[in-house]
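Chains, contacts and geometry: an overview
Letter by letter, the chains look like this.
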Amino acid sequence: MKIRLGYVAIALNLPKVTTSSTVTFTNYNKIQGEENKLNKLKKVGLSNLEDLHTILEYNIENNIHFYRITSTLIPLSTHPEVEFNYRNIFKKDFEKVGKLINSTNMRVDTHPNEFNVINSIRPEVVHNTIRNLWPHVHLFEDLNYPKGKMVIHVGSSKGGKDIALKRFKDNITSKIPQEISNKLIIENDDKTFNILEVLSLCKDLSLPMVLDVHHHNCNNSGENLKDFIEDIFNTWNNESLPPKIHFSSPRDYDNDRKHADFIDAESFIEFLDMCKVIDRDFDIMLESKKKDLALYKLVEDIKKLRPNWVWEDSSTLVI
């Protein structure tokens, strides 16, 4: 069983590097002249792409093989009132980043924000969600990275969860373009849709499920997670990449939905021990406030608590 660890968006060891510099629509409108507006978007977008390349190089140097790309890479790329042909403008920059990803077999994905609700009862929200998800599909295309996936939650529970789940399925099959639905992986959340509901949904739609362990701890009906791990992993059977897990620790108290700075190593080890009986490779995205620093600390803590466990490299554990 091989487990690769990853982190989200920001490398704190690179303090002056960010892929999330932005331009607000308000500030964009204050810029005089269309050429100046475009130049501002070009400048910020290029800076983000160059810093993404820097972070990926950093990951390679530190043997980190799993990384989440920010959803705000290109400023105002989804705004309906901004015409910005960024795909052509940054074509070579995307290709450069994609070449680095593909040449090192790194796994990357994205996680569109919570405002994207596929099963909203409001048609305009579903329409906006489709518009917002297209850039994620285009990103993977521009990177020449066909393995790319985007994580999304079920979303709204309006009308009751059963009706909301049916609305999600109906919208996936009738409203969401296949180019988008083929890239979706669905995650259980910490307030509404639990592992049973998301697992059933993923089976019905033949989509992979992302298990968020912390969300399960916050939102469950007494289910024992070990009874469902194998079924969750099996939703990935037709995928080219191994199953993906999200793991974080509560910040202030048990089942606090807010994420802690670091990972509690004992809880993490307990989860891995539970997965041993399945003996299947998987990747874990660490959703900690301290990002890459939390990854390094977790590795150090595991080495102290389980000195006999074998590390293939600085972020890959073999049990």
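Preceding this paragraph is the structure being described.
Source: prediction; values computed, not measured. (Residues numbered from 1 in each chain as written. Predicted model: local features only at pLDDT ≥ 70, side-chain atom pairs only at ≥ 80, totals over all residues. Heavy atoms only, no water.)

Things to note about the packing of aromatic side chains
Quick reminder of the rule: We call Phe, Tyr and Trp rings a pair once their centres come within 6.5 Å, taking the six-membered ring for Trp, and we label the pair stacked below 30 degrees between planes, edge-to-face above 60, and tilted otherwise. With a 1.4 Å probe rolled over the protein chains alone, any residue whose accessible area is under 20% of its type maximum counts as buried; one over 50% counts as exposed, and the rest are partly exposed. Secondary structure follows DSSP: runs of H or I at least 4 residues long count as helices, runs of E at least 2 residues long count as strands, and numbering of each begins at the N terminus. Note on criteria: charge over ring means Lys NZ or Arg CZ within 6 Å of the ring centre, with the direction from the centre no more than 35 degrees off the ring normal.
Tallying each qualifying case throughout the model produces 10 aromatic pairs. Taking the centre distance of 6.4 Å and the plane angle of 65 degrees together, the rings of Tyr86 and Phe94 count as edge-to-face. Comparing Tyr86 with Phe94 shows no difference in burial state: the two are buried. Pairing Phe247 with Phe271 gives two aromatic rings, centres 5.9 Å apart and planes at 50 degrees, and the pair type is tilted. Here Phe247 is found in strand S7 (residues 244-247), whereas its partner Phe271 is found in helix H11 (residues 265-275), with 24 residues between them in sequence. On the basis of relative accessible area, Phe247 is assigned to the buried category, the value being 4%. In this structure, Lys37 is placed above the aromatic ring of Tyr28, and the distance from its NZ or CZ to the ring centre is 5.1 Å. The ring of Trp309 has Arg306 lying over it, and the distance from NZ or CZ to the ring centre is 5.8 Å.

A short note on the side chain of Asn119
How we decide: Each polar contact in these results corresponds to two N or O atoms within 3.5 Å; when the atoms are within protein, one needs to be able to donate a hydrogen and the other to accept it, and residues that are neighboring in sequence are counted only if both atoms are side-chain atoms. Whether two residues touch is decided by their heavy atoms; if any such pair falls within 4.5 Å, the residues are in contact.
In this structure, Asn119 sits in the loop between strand S3 (107-109) and helix H5 (123-142). Residue classification places Asn119 among the buried residues on the basis of a relative accessible area of 0%. A polar contact is formed between the side chain of Asn119 and the backbone oxygen of Ala164, at a distance of 3.2 Å. The contact partners of Asn119, leaving out residues within four places of it in the chain, are Val154, Gly155, Ser156, Ala164, Arg167, Phe168 and Asn171.

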